[in-house]
Amino acid sequence: MILSETFLFIFSMIITGLLAFIYVYFIITLSDLECDYINAQQCCDRLNMWMMPLLSGQGFVNVFFLLHGHFWLFFFNLPITAWSGYELIKVPSGNLGVFDPTEIYNRGQLKTHMRDVLIKIAFFLVAFFVYLYSMIVSMLTAGQPAPAAGPAPGEFDEF
(Lines give C-alpha, C1' and ligand atoms only; values in the text may rest on other atoms or scores of the structure.)
Protein backbone atom coordinates (compact mmCIF):
# COMPACT_ATOMS: atom_id res chain seq x y z
CA MET A 1 0.00 0.00 0.00
CA ILE A 2 1.21 3.45 -0.83
CA LEU A 3 -1.01 5.34 1.63
CA SER A 4 -2.95 4.29 4.68
CA GLU A 5 -6.67 3.85 4.06
CA THR A 6 -7.51 7.04 5.92
CA PHE A 7 -5.10 9.13 3.84
CA LEU A 8 -6.31 7.43 0.67
CA PHE A 9 -9.87 8.54 1.36
CA ILE A 10 -8.75 12.04 2.43
CA PHE A 11 -6.81 12.32 -0.84
CA SER A 12 -9.86 11.07 -2.77
CA MET A 13 -12.14 13.55 -1.01
CA ILE A 14 -9.82 16.46 -1.78
CA ILE A 15 -9.47 15.53 -5.46
CA THR A 16 -13.20 14.86 -5.81
CA GLY A 17 -14.06 18.16 -4.13
CA LEU A 18 -11.73 20.00 -6.51
CA LEU A 19 -13.24 18.24 -9.51
CA ALA A 20 -16.76 19.14 -8.35
CA PHE A 21 -15.77 22.79 -7.95
CA ILE A 22 -14.23 22.84 -11.42
CA TYR A 23 -17.45 21.44 -12.84
CA VAL A 24 -19.39 24.16 -11.01
CA TYR A 25 -17.10 26.62 -12.82
CA PHE A 26 -18.07 24.84 -16.06
CA ILE A 27 -21.76 25.38 -15.30
CA ILE A 28 -21.19 29.06 -14.56
CA THR A 29 -19.17 29.56 -17.75
CA LEU A 30 -21.67 27.69 -19.93
CA SER A 31 -24.58 29.64 -18.47
CA ASP A 32 -22.66 32.88 -19.12
CA LEU A 33 -22.32 31.78 -22.73
CA GLU A 34 -26.01 30.94 -22.89
CA CYS A 35 -26.91 34.43 -21.63
CA ASP A 36 -24.36 36.08 -24.00
CA TYR A 37 -22.22 37.51 -21.20
CA ILE A 38 -19.11 36.05 -22.86
CA ASN A 39 -18.46 35.01 -26.43
CA ALA A 40 -18.01 31.43 -27.61
CA GLN A 41 -14.23 31.75 -28.08
CA GLN A 42 -13.65 32.88 -24.49
CA CYS A 43 -15.95 30.20 -23.10
CA CYS A 44 -14.35 27.37 -25.02
CA ASP A 45 -10.82 28.52 -24.19
CA ARG A 46 -11.68 28.65 -20.48
CA LEU A 47 -13.28 25.20 -20.48
CA ASN A 48 -10.82 23.36 -22.72
CA MET A 49 -7.98 24.49 -20.46
CA TRP A 50 -9.40 22.32 -17.64
CA MET A 51 -10.14 19.10 -19.55
CA MET A 52 -6.75 17.39 -19.09
CA PRO A 53 -6.44 18.27 -15.36
CA LEU A 54 -9.96 16.89 -14.82
CA LEU A 55 -9.16 13.61 -16.55
CA SER A 56 -5.81 13.26 -14.78
CA GLY A 57 -7.45 13.89 -11.38
CA GLN A 58 -10.04 11.21 -12.06
CA GLY A 59 -7.31 8.88 -13.31
CA PHE A 60 -5.15 9.36 -10.19
CA VAL A 61 -8.07 8.53 -7.92
CA ASN A 62 -8.85 5.41 -9.98
CA VAL A 63 -5.23 4.25 -9.99
CA PHE A 64 -4.92 4.71 -6.22
CA PHE A 65 -8.11 2.72 -5.62
CA LEU A 66 -6.83 -0.04 -7.89
CA LEU A 67 -3.41 -0.14 -6.19
CA HIS A 68 -4.96 -0.26 -2.72
CA GLY A 69 -7.39 -3.04 -3.61
CA HIS A 70 -10.60 -1.03 -3.31
CA PHE A 71 -12.06 -2.63 -6.40
CA TRP A 72 -15.69 -1.63 -5.76
CA LEU A 73 -14.63 2.04 -5.59
CA PHE A 74 -12.49 1.56 -8.69
CA PHE A 75 -15.48 0.18 -10.60
CA PHE A 76 -17.68 2.92 -9.13
CA ASN A 77 -15.36 5.56 -10.65
CA LEU A 78 -14.52 3.77 -13.87
CA PRO A 79 -17.61 4.77 -15.95
CA ILE A 80 -17.23 8.52 -15.32
CA THR A 81 -13.49 8.37 -16.02
CA ALA A 82 -14.08 6.38 -19.20
CA TRP A 83 -16.77 8.85 -20.26
CA SER A 84 -14.41 11.81 -19.73
CA GLY A 85 -11.66 10.01 -21.64
CA TYR A 86 -14.06 9.23 -24.45
CA GLU A 87 -15.03 12.90 -24.68
CA LEU A 88 -11.37 13.81 -25.18
CA ILE A 89 -10.74 11.03 -27.69
CA LYS A 90 -13.81 11.73 -29.85
CA VAL A 91 -12.85 15.36 -30.55
CA PRO A 92 -12.92 15.70 -34.36
CA SER A 93 -9.77 16.85 -36.08
CA GLY A 94 -9.86 20.58 -36.66
CA ASN A 95 -11.72 21.33 -33.43
CA LEU A 96 -9.97 23.19 -30.65
CA GLY A 97 -11.04 20.70 -28.01
CA VAL A 98 -14.12 19.19 -26.41
CA PHE A 99 -15.67 22.65 -26.45
CA ASP A 100 -15.34 24.20 -29.92
CA PRO A 101 -16.51 27.79 -30.50
CA THR A 102 -17.70 27.13 -34.05
CA GLU A 103 -19.86 24.15 -33.08
CA ILE A 104 -21.07 24.92 -29.57
CA TYR A 105 -24.32 26.42 -30.83
CA ASN A 106 -24.87 23.75 -33.50
CA ARG A 107 -27.13 20.75 -32.88
CA GLY A 108 -27.87 21.75 -29.31
CA GLN A 109 -24.33 21.10 -28.08
CA LEU A 110 -24.63 23.79 -25.43
CA LYS A 111 -27.57 21.98 -23.79
CA THR A 112 -25.75 18.65 -24.15
CA HIS A 113 -22.65 20.05 -22.46
CA MET A 114 -24.79 21.51 -19.66
CA ARG A 115 -26.49 18.13 -19.15
CA ASP A 116 -23.16 16.27 -19.11
CA VAL A 117 -21.64 18.66 -16.59
CA LEU A 118 -24.67 18.41 -14.31
CA ILE A 119 -24.45 14.61 -14.40
CA LYS A 120 -20.77 14.79 -13.49
CA ILE A 121 -21.43 17.21 -10.64
CA ALA A 122 -24.07 14.85 -9.26
CA PHE A 123 -21.65 11.93 -9.54
CA PHE A 124 -18.85 13.79 -7.75
CA LEU A 125 -21.17 14.90 -4.96
CA VAL A 126 -22.24 11.30 -4.37
CA ALA A 127 -18.61 10.15 -4.60
CA PHE A 128 -17.51 12.80 -2.11
CA PHE A 129 -19.94 11.53 0.51
CA VAL A 130 -19.04 7.89 -0.22
CA TYR A 131 -15.37 8.76 0.40
CA LEU A 132 -16.30 10.70 3.53
CA TYR A 133 -18.16 7.68 4.89
CA SER A 134 -15.27 5.38 3.92
CA MET A 135 -12.78 7.70 5.63
CA ILE A 136 -14.80 7.74 8.84
CA VAL A 137 -15.10 3.95 8.81
CA SER A 138 -11.37 3.54 8.17
CA MET A 139 -10.57 5.93 11.03
CA LEU A 140 -12.84 4.05 13.42
CA THR A 141 -11.47 0.63 12.51
CA ALA A 142 -7.80 1.62 12.17
CA GLY A 143 -6.66 0.64 15.68
CA GLN A 144 -9.08 -2.20 16.37
CA PRO A 145 -8.06 -5.83 15.95
CA ALA A 146 -10.05 -8.05 13.66
CA PRO A 147 -12.94 -9.87 15.34
CA ALA A 148 -12.26 -13.42 16.47
CA ALA A 149 -13.85 -16.29 14.59
CA GLY A 150 -15.35 -18.01 17.64
CA PRO A 151 -16.45 -17.09 21.13
CA ALA A 152 -13.97 -15.40 23.43
CA PRO A 153 -12.16 -17.70 25.89
CA GLY A 154 -14.20 -18.21 29.02
CA GLU A 155 -17.39 -16.85 27.44
CA PHE A 156 -19.36 -20.13 27.60
CA ASP A 157 -17.76 -21.71 30.67
CA GLU A 158 -21.04 -22.33 32.49
CA PHE A 159 -22.16 -25.01 30.03
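Residues numbered from 1 in each chain as written. Predicted model: local features only at pLDDT ≥ 70, side-chain atom pairs only at ≥ 80, totals over all residues. Heavy atoms only, no water.

Turning next to the pattern of salt bridges. Applying the stated rule across the entire model yields three salt bridges. Here Asp 116 ties to Arg 115 by a salt bridge, and the two come within 2.9 Å at their closest N and O atoms. (Salt bridge = Lys/Arg side-chain N within 4 Å of Asp/Glu carboxyl O.)

For helix α4 (residues 71–89), with 19 residues, the first-to-last C-alpha span of 25 Å sits near the 27 Å given by 1.5 Å per residue. Helix geometry: α4 is bent most strongly at Leu 78, by close to 35°, with proline Pro 79 lying one to four residues after it. Looking at the buried residues of α4, the elements they touch are α1 (5–34), α3 (51–68) and α5 (109–140). (Helix = DSSP H or I, 4+ residues; strand = E, 2+ residues; numbered from the N terminus. Expected span 1.5 Å × (residues − 1). Bend = angle between axes of the 7 residues up to and from the residue. Contact = heavy atoms within 4.5 Å.)

What follows covers the UniProt feature "transmembrane region" (unreviewed entry) in the protein chain. UniProt tags residues 7–28, 59–80 and 117–136 as "transmembrane region" (unreviewed entry). Strand forms 0% of residues 59–80 and helix 91%; the C-alpha atoms that close the span are 10 Å apart. Taken end to end, residues 117–136 has its terminal C-alpha atoms 29 Å apart, with 100% of it in helix and 0% in strand. (UniProt positions renumbered as here; feature names shortened; annotations may be inferred.)

On the surface, Leu 66, Phe 71, Phe 75 and Leu 78 cluster together to form a nonpolar patch covering roughly 390 Å² of accessible area. When residues in the nonpolar patch are grouped by element, the largest group, three residues, is from α4. (Patch = residues over 30% accessible without salt bridge, like charges linked within 9 Å, V, L, I, M, F, W, Y side chains within 5 Å. Areas by Shrake-Rupley, 256 points an atom, 1.4 Å probe, with all protein chains shown as cover.)

Bringing the nonpolar core into the picture now. Residues Phe 26, Leu 30, Phe 65, Phe 99 and Ile 104 are the most contacted members of the largest nonpolar core, which totals 37 residues. Tallying contributions element by element places α1 first for this core, with 12 residues. When neighbours within four sequence positions are excluded, Ile 104 is seen to be in contact with Leu 30, Leu 33, Ala 40, Cys 44, Phe 99, Gln 109, Leu 110 and His 113. (Core = buried A, V, L, I, M, F, W, Y, C linked by side-chain atoms within 4.5 Å. Buried < 20%, exposed > 50% of the residue type's maximum accessible area, 1.4 Å probe, protein only.)

Here the focus is helix α2 (residues 40–48). All of the buried residues in α2 are Ala 40, Cys 43, Cys 44, Leu 47 and Asn 48. For α2, the angular spread of buried residues about the axis comes to 115°, placing them on one side. Turning to α2, the residues buried within the fold contact α1 and α3. With a side-chain oxygen lying 3.3 Å from the backbone nitrogen of Gln 41, the N-terminal cap of α2 falls on Asn 39. (Arc of directions from axis to C-beta. Polar contact = N/O pair within 3.5 Å; in protein donor to acceptor, adjacent residues only side chain to side chain.)

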